[in-house]
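Structural overview for review
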Amino acid sequence: MPDLKEYLTKKGFVPLQIGDAELTELTCRIQLGAGRTKILDELRSVDDTFAPDYQVPGAPRLTGTALQMLRSHEQKVEETGKTFDLYDRLCAEEFDQIQSGLKGEFESQGGLQHYQNSRPLFFAIGIVDPPSLLNKIKFDFKFLDRVTVVGGGQPELRDVLLKAGTLIDQKFGVLAPALKLAIAETFKKAGAANVPVIGGWSPRGVVKGGRVTWLGPHFPGYAIDINAANNPNLTTKAPAIDAVLDSLHFDPQLRVAKGLLEWTFLEKHPDQAEAIADAMWKQLTAISVKLSKFVHDNLADYKKPASNDKPDFKDKRKLLDGLKAAFGGEAGLVALSKDGIIDLGAVLTSVLIVAGMRWGGEWQGMDVMHFELRNWKEKFTPPKCLVELQRQQARAASRATPQSKGP
Ligand SMILES: [Zn+2]
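Note that the structure is predicted; figures quoted are calculated from it, not measured.

A word on the overall build of the protein. Along its length, the protein carries 16 helices and eight strands. Across its three principal directions, the C-alpha atoms of the protein cover 85 × 55 × 50 Å. Burial status across the protein gives 29% buried among its 407 residues. Counted over contacts in the protein with a minimum sequence separation of 6, partners at least 24 positions apart contribute 68%.

This is how it looks when you write it as structure tokens:
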């Protein structure tokens, strides 16, 4: 079902007190996640303008126009409530349409409730009919003919991964099969059963403060994560890592918090993808080596009691404390000293980027495991009503801010 307003018509619901423009705005706001209580409260507060004291015992009875206005307003409140009821039904119907392979994952996140909570995030970027998009997802296809992409992804994602495999064939000829095998072997490290896997579609979204606040590219099926354990997302770890790099006077251009590339660089210069991919891989690997060596060289002293510290070790201890907290304790430090923060090969990174992926390693905070289809969001157009709402809000905000007076 494409849109709530159309759905209302389909269900034979004709509001008498909500005009067409108003209904467009209401259905838009509902689909963007506005709460029932909030909207009904807004309407009820308008009651007071019609009849400030009509509910107070002993107040004069309303008559004539005032009574009519109040009644029509009450009817509007009722119709608005009904619109919300029908939205709930729309969500339930849509949720039923989601293919069974995805359903299980949804169920583990809270089922229909999770669907309804995340639907506004789809709507806001222009996916007005999430089940149709989700049902295009292909399951558990294989990368390099060997590595299962768990959860699968959109056909475009599968095509890009196929293209990456073809690029290896073209570049390495007779050596390609052995190289692909070697790459697939590296994916085994993270798999519990030692089966090579990549993480693909997942209905998780990006959670902040217990709520899904941004869809992210995994939810609609445009991203993969490679060996999460050995290629961590560094966003929250960035300050601890960068503090070490600062102390070592490492190339000031290379910092995790800063990222490696302007966000849209490869969109503007796709012809430079190979050279850029190579450079980025080298830069992140250089950071990894520097960091790993720092931990390796200082770990033995760090494990000794702090009271034995030589004066020049105090600063290092502080840096290691930071890393220890960021990487989940001493085991994390040991792993860091051995493996660093990236185990993706240069060839793998390069073919994925050249084939059309954006690498999480390139952006601020660096999500090393993550690759997503470049321009996946540009496939969609935000709904007109959202654009109109934003315009209204901007107008309201500019009215609220006093203009500076002219001369
Ligand atoms: Zn990811």
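Here strand E2 (residues 147-150) shows one buried face, formed by Val147 and Val149, and one open face, formed by Thr148 and Val150. In the sheet, strand E1 (residues 142-143) pairs with E2 via two bridges, with the strands oriented antiparallel. Across the sheet, Lys142 pairs through a bridge with Thr148, a residue of E2. Connecting E1 to the next strand, E2, in antiparallel fashion are three residues, including Leu144 with a positive phi near 55°. Bridging between E2 and strand E3 (residues 197-199) involves three bridges; their strand directions are parallel. The partner of Val149 across the bridge, within E3, is Ile198.

Another point: the sheet that holds E3. Pairing is mixed across the open sheet formed by six strands, whose spatial order is E1-E2-E3-E6-E8-E7. Looking at which strands have only one partner, the edges of the open sheet turn out to be E1 and strand E7 (357-359). Across two bridges, E3 lies against strand E6 (residues 223-226) in antiparallel orientation. Note on E6: the bridge partner recorded for Ile198 is Ile226.

With that settled, consider the packing of helix H10 (residues 238-247) against helix H12 (residues 273-303). It is at 10 Å that the axes of H10 and H12 come closest, and there the two elements cross at 85°. Between H10 and H12, the angle falls in the class roughly perpendicular. Residues Ile241, Val244 and Leu245 of H10 touch H12, and the partners they reach there are Ile287, Lys290, Leu291 and Phe294. Split into classes, the residues belonging to the contact of H10 with H12 amount to six nonpolar, no polar and one charged.

Attention shifts here to the pairing of strand E5 (residues 211-214). Bridging between strand E4 (residues 206-208) and E5 involves three bridges; their strand directions are antiparallel. By the bridge assignment, Lys208 is partnered in E5 with Arg211. Remark: two residues form the turn of the hairpin made by E4 and E5, two consecutive strands paired antiparallel; Gly209 in that turn has positive phi of roughly 55°.

Before going further, it helps to examine the nonpolar core. Ranked by internal contacts, the top residues of the largest apolar core, which has 57 residues, are Ile198, Leu291, Leu323, Val351, Leu352 and Met357. Here this core gets nine residues from one element, more than from any other, and that element is H12. Not counting the four nearest positions on each side in its chain, Leu352 is found in contact with Ala164, Met357 and Phe371. Within the second largest apolar cluster, eight residues are counted, among which are Leu8, Ile30, Tyr87 and Cys91.

Put simply, helix H2 (residues 20-31) and helix H4 (residues 64-97) touch, their axes get as near as 11 Å, and they point 45° apart. Comparing the axis directions of H2 and H4 gives the class oblique. Crossing geometry of H2 relative to H4 is assigned as right-handed. Contacts from Leu26, Thr27 and Ile30 of H2 reach H4 at Thr80, Thr83, Phe84 and Tyr87. Looking at the contact of H2 with H4 residue by residue, the classes come out as four nonpolar, three polar and no charged.

Looking now at H2. Taking 1.5 Å of rise per residue, the 12 residues of H2 would be expected to cover 16 Å, and the 16 Å separating its terminal C-alpha atoms lies within 8% of that figure. In this fold, the buried residues of H2 make contact with helix H1 (4-10), H4, helix H6 (111-125) and helix H16 (384-400).

In this structure, Leu144 is a non-glycine residue whose phi angle is positive, near 55°. Turning to its location among the elements, Leu144 is positioned in the loop between E1 and E2. A positive phi angle is found at Asn375, which is not glycine, with a value near 65°. One can find Asn375 in the loop between strand E8 (370-373) and H16.

Before going further, it helps to examine the environment of Glu107. Relative to the elements of secondary structure, Glu107 occurs in helix H5 (residues 100-109). In this structure Glu107 comes out as exposed when scored by C-beta crowding, with 12 C-beta atoms within 10 Å. Distance in space between the C-alpha atoms of Glu107 and Pro203 is 9.9 Å, their sequence separation being 96 residues.

Another aspect to go through is H10. Along H10, the residues that are buried comprise Ala240, Ile241, Asp242, Val244 and Leu245. Positive backbone phi, at 55°, marks His249, one or two positions downstream of H10.

Moving on, we come to the environment of Lys258. Inspection of the secondary structure puts Lys258 in the loop between H10 and helix H11 (265-268). Linking Lys258 and Asp242, residues 16 residues apart in sequence, is a C-alpha distance of 9.4 Å.

Tracing the sequence through the fold places Lys377 in the loop between E8 and H16. With 16 C-beta atoms packed within 10 Å, Lys377 lands in the partly exposed category.

The rules behind each value
- Residues numbered from 1 in each chain as written.
- Predicted model: local features only at pLDDT ≥ 70, side-chain atom pairs only at ≥ 80, totals over all residues.
- Helix = DSSP H or I, 4+ residues; strand = E, 2+ residues; numbered from the N terminus.
- Buried ≥ 20, exposed ≤ 12 C-beta atoms within 10 Å, placed from the backbone.
- Contact = placed C-beta atoms within 7 Å.
- Pairing = 2+ DSSP bridges.
- Axes fitted to C-alpha atoms, helices over the stretch in contact; angles between N-to-C directions.
- Parallel < 35°, antiparallel > 145°, perpendicular 65-115°, else oblique.
- Nonpolar A, V, L, I, M, F, W, Y, C, P; charged D, E, K, R; others polar.
- Core = buried A, V, L, I, M, F, W, Y, C linked by C-beta atoms within 7 Å.
- Left-handed = near helix turned anticlockwise from the far one by under 90°.
- Expected span 1.5 Å × (residues − 1).

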